[in-house]
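Close look at the chain arrangement
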Amino acid sequence: MTTTTTIRIDDDLKARIAAAAERAGKTAHAFILDAIAQTVEQDELDAAFHRVADERWAKVLATGKTVPWADAKSWLDARSRGENPSRPAARKPRG
């Protein structure tokens, strides 16, 4: 089911939308819907990213364990070469 929502757009933005829609081969309506959908999707992806980051940070705070950058970089370098190295182990920093 779809519903109608009214938005007020100033004349300059309306003209820019029309031009962009034309370049994209879409109607202004379709262009606006796509823009809204993309913005909502990006917001959802950002929220999921932050949720994962918060969970991982909480784990670091709870355990005190991290992966040293040198180990992480070596792992990433090997992966970029197509290798399948073992993940580096998290550990508490010395000191």
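Residues numbered from 1 in each chain as written. Predicted model: local features only at pLDDT ≥ 70, side-chain atom pairs only at ≥ 80, totals over all residues. Heavy atoms only, no water.

With that settled, the discussion passes to the pattern of salt bridges. Scanning the entire structure with this criterion turns up four salt bridges. Between Lys73 and Asp77 there is a salt bridge whose closest N-O contact spans 3.1 Å. Linking Lys73 with Asp77, this pair stays in helix 3 (residues 69-80), spanning four residues, or about one helical turn. For Lys73, a relative accessible area of 38% corresponds to the partly exposed category. When its relative accessible area of 31% is taken as the criterion, Asp77 is described as partly exposed. Across the pair Arg81 and Glu83 runs a salt bridge whose closest N-O atoms are separated by 3.1 Å. (Salt bridge = Lys/Arg side-chain N within 4 Å of Asp/Glu carboxyl O. Helix = DSSP H or I, 4+ residues; strand = E, 2+ residues; numbered from the N terminus. Buried < 20%, exposed > 50% of the residue type's maximum accessible area, 1.4 Å probe, protein only.)

Let us now look at helix 3. With 12 residues, helix 3 should reach 16 Å at 1.5 Å per residue; the first-to-last C-alpha distance of 16 Å fits that figure. For helix 3, the set of buried residues is Ala72, Trp75 and Ala78. Seen along its axis, helix 3 keeps its buried residues to an arc of 130°; they face one direction. Seen from the open side of helix 3, the exposed residues pointing more than 90 degrees away from its buried face are Trp69, Ala70 and Ser80. Positive backbone phi, at 90°, marks Gly82, one or two positions downstream of helix 3. (Expected span 1.5 Å × (residues − 1). Arc of directions from axis to C-beta.)

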